[in-house]
Amino acid sequence: MARSYFSQKRVLVTGGAGFLGSHLIDRLLDQGHEVLCVDNLFTGTKRNIEHLHDHPRFEFMRHDVCFPLFVEVDEIYNLACPASPIHYQHDPVQTTKTSVHGAINMLGLAKRLKCRIFQASTSEVYGDPAVHPQTEDYWGNVNPIGIRSCYDEGKRCAETLFFDYHRQHGLDIKVVRIFNTYGPRMHPSDGRVVSNFIMQALNGDPITIYGDGSQTRSFCFVSDLVEGFLRFMDSPADLTGPMNLGNPNEFTIAELAELVVELTGSKSGIEYRPLPQDDPTQRCPNISVAKERLGWAPQVQLREGLGQTIAYFKNREFADAATAQEVRNTYLIAS
């Protein structure tokens, strides 16, 4: 039978030690819920959740969602999957397995528990879109055999599985399509444009722009995205998605580079390189459904969000340097 729970829920977050997952967990704990964080730490890191180590309602489990998981929870957020090109192209077969086998295992768990399950899908399901901005009823323009296909098609197949479980088994699902998101706890070497530009600017290296810089992206700050997650998860059962969540304000890559250089005070120049295969030239969400059904829209502007993200990377660099010096001092004393 379906669970009848009180305001405090037991929530499973797969990929919980990642960039998005860790911020989501913070919000869930703030709301008074118990959280089980599951992550195999392929791209996630304990650094993102170390501040929760002694939290009485937080638990961490190292586990790969490609294998079945047997736990008792009230809700599931399935965020497990490498999400940056560098990471998901490192082992493309495993990326597809994580999207597909991971979805099957989490859907099977939700079916047994008769609980609501949330799928973190992606704007990559639209490929290099021929429709702009992208609406949820657009089927996309995706290369099924390209170097990005492990992620694009893996996420598309996961969406198929979610809706088939919904139709065939009556499962309570929520499917969100995430557009470019940034903020503190991004991995400094994930190859995403925001983290790339910030790290290059802080190090005084040339800012590398792939293509001529005229391609556009829309950047959503992580706190705005997580707010959308929570509102969507708490929405009526008939609102299944897929639903776009992202910031509809569009910027060229060249504009982003100029803003990062300005905010960091860097003297970095610009270096242009060829555009990678299947890299989309435009990516911008139509968020009309989220506005109408959730009353949600991004609040943090790019300049403000970049300022917070730059501060995080500066503090991280300082902390890493201090730790390295401490290790060196310990070694010198010991020797």
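Everything that follows concerns the structure shown earlier in this document.
The present account deals with the structure reproduced in this document.

Cut-off values and rules
Residues numbered from 1 in each chain as written. Predicted model: local features only at pLDDT ≥ 70, side-chain atom pairs only at ≥ 80, totals over all residues. Heavy atoms only, no water. Pairing = 2+ DSSP bridges. Helix = DSSP H or I, 4+ residues; strand = E, 2+ residues; numbered from the N terminus. Axes fitted to C-alpha atoms, helices over the stretch in contact; angles between N-to-C directions. Phe/Tyr/Trp six-rings, centres within 6.5 Å; stacked < 30°, edge-to-face > 60°. Buried < 20%, exposed > 50% of the residue type's maximum accessible area, 1.4 Å probe, protein only. Core = buried A, V, L, I, M, F, W, Y, C linked by side-chain atoms within 4.5 Å. Contact = heavy atoms within 4.5 Å.

**Points about the sheet that holds strand β11 (residues 243-245)**
Here is step 1 of the chain: Ordered by their spatial adjacency, seven strands build an open sheet running β3-β2-β1-β4-β5-β6-β11, and the pairing between neighbours is parallel. At either margin of the open sheet sits one strand with a lone partner, and together these are β3 (58-62) and β11. Each strand of the sheet is rotated relative to its neighbour by a mean of 20°, with strand direction disregarded.
Here is step 2 of the chain: When strand β5 (residues 116-122) meets strand β6 (residues 173-178), the two strands line up parallel, connected through six bridges. Looking at the pairing, Ala-120 lines up with Val-176 of β6.

**Concerning the packing of aromatic side chains**
Here is step 1 of the chain: Taken as a whole and assessed by the stated rule, the structure comprises eight aromatic pairs.
Here is step 2 of the chain: The interplanar angle of 45° and the centroid separation of 5.0 Å between the aromatic rings of Tyr-77 and Phe-118 together place this pair among those described as tilted. One end of the pair, Tyr-77, is in strand β4 (residues 75-78); the other, Phe-118, is in strand β5, and 41 residues separate them in sequence. Across this residue pair, the class does not change: Tyr-77 and Phe-118 are buried.

**Here's the deal with the nonpolar core**
Here is step 1 of the chain: Core analysis: the biggest nonpolar cluster contains 60 residues, and Tyr-77 and Phe-229 have the highest contact counts within it.
Here is step 2 of the chain: Considering each element in turn, this core owes the most residues, seven residues, to helix α6 (residues 222-233).
Here is step 3 of the chain: In contact with Tyr-77, not counting residues within four places along its chain, are Val-11, Leu-12, Val-13, Thr-14, Leu-24, Leu-28, Phe-118, Phe-229, Leu-230 and Met-233.
Here is step 4 of the chain: Membership of the second largest hydrophobic core comes to 26 residues, among which are Ile-117, Leu-171, Ile-173 and Val-175.

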